Amino acid sequence: MAARKVFAEHPYKAASIRMIGKAGGFDHPLIHYYFPTKAELFEAVVAAICEDFYEANKSWFEGLGTMKPRDGLSLFIDRFLEYNFKNPEPLKTIVLNLGQVNRLDEIPGYQLIPGLLSRIMETFQEKVNLKASPEQISMFIHSFNNLGINYLGANTCHAEVLGMDPRSEEYREWVKDTLMFIFLPLLVRMIFPERFERPGRESPRISN
């Protein structure tokens, strides 16, 4: 969709209906027939990408119920990366506009982002049996989601700092290794805290 492409490459305030028409190869006044304003079009795009991302996020938990935390987290991250390397527009659109506003309501549809993150957190809590306080669970999930969103939504910047191609397998592996390094120890501790009191027990498993 031309609008997704343009909004993923330009902040909301810089993007124009004319750009979208050019990207789609059609006369831009045609867009006004369906979306009278740029605000309505952008809000529709944000709503669509939030729903797509939420449905994809739910699918990343499939089959993890019989896996140990390392294997389950590894597969989850693989699915997360695969989706976003094939569909870069959602996270790029989100990250591109975060620095442009002081309040979410300054950009149409951006009020949907907190709702998306809350739904993702609910899915994680439903699928993964974390034995920790609500505050710790919230910090873990928000940190994982936000770091992943940043690494992929702003991949051009991060990859350049690392001397990598943002679309390369090298960068993709770096993102996965980094997320595993940071979050696997915390995940294990929060799923099965008794492991640290009784060394040698079998690793905990992620519930389905």
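Scroll up to find the structure this text is about.
Here is a short report on the structure shown in this document.

### Re the overall build of the chain
Thought 1: Looking only at helices and strands, the chain features 10 helices and zero strands.
Thought 2: Listing every helix and strand of the chain by position from the N terminus yields α-α-α-α-α-α-α-α-α-α.
Thought 3: If you line up the chain on its principal axes, its C-alpha atoms span 70 × 35 × 30 Å.
Thought 4: Out of the 208 residues in the chain, the part that is buried amounts to 43%.
Thought 5: In the form shown here, the chain has an accessible surface area of approximately 11,100 Å², with 53% of it arising from carbon and sulfur atoms.
Thought 6: Averaging the coordinates of the 24 positive side-chain charges in the chain and doing the same for the 26 negative ones gives two points 3 Å apart.

### Thoughts on the side chain of Thr-123
Thought 1: Tracing the chain through its elements places Thr-123 in helix 7 (residues 112-127).
Thought 2: Setting aside residues up to four positions removed in sequence, Thr-123 forms contacts with Tyr-54, Asn-57, Lys-58 and Phe-61.

### So, the environment of Phe-35
Thought 1: Tracing the chain through its elements places Phe-35 in the loop between helix 3 (29-34) and helix 4 (38-59).
Thought 2: By relative accessible area, which is 25% here, Phe-35 ends up partly exposed.
Thought 3: The contacts of Phe-35, once residues within four sequence positions are left out, are Glu-40, Leu-41 and Ala-44.

### As for the layout of surface pockets
Thought 1: Volume-wise, the largest pocket comes out at about 160 Å³.
Thought 2: Together, Lys-131, Ala-132, Gln-136, Met-139, Phe-140, Ser-143, Leu-186, Arg-189 and Met-190 line the largest pocket.
Thought 3: Those elements giving two or more residues to the lining of the largest pocket turn out to be helix 8 (134-153) and helix 10 (169-191).
Thought 4: Tallying contributions element by element places helix 8 first for the lining of the largest pocket, with four residues.
Thought 5: Along the lines of polarity and charge, the residues of the lining of the largest pocket split into five nonpolar, two polar and two charged.

Rules and cut-offs
Residues numbered from 1 in each chain as written. Predicted model: local features only at pLDDT ≥ 70, side-chain atom pairs only at ≥ 80, totals over all residues. Heavy atoms only, no water. Helix = DSSP H or I, 4+ residues; strand = E, 2+ residues; numbered from the N terminus. Buried < 20%, exposed > 50% of the residue type's maximum accessible area, 1.4 Å probe, protein only. Areas by Shrake-Rupley, 256 points an atom, 1.4 Å probe, with all protein chains shown as cover. Lys, Arg positive; Asp, Glu negative; His and termini not counted. Charge placed at Lys NZ, Arg CZ, Asp CG, Glu CD. Contact = heavy atoms within 4.5 Å. 1 Å grid on protein atoms, 1.4 Å probe; cavity = no way out; pocket = protein on both sides within 12 Å on 5 of 7 lines; lining within 4 Å. Points joined across faces, edges and corners; volume = space filled by probe spheres on them. Nonpolar A, V, L, I, M, F, W, Y, C, P; charged D, E, K, R; others polar.

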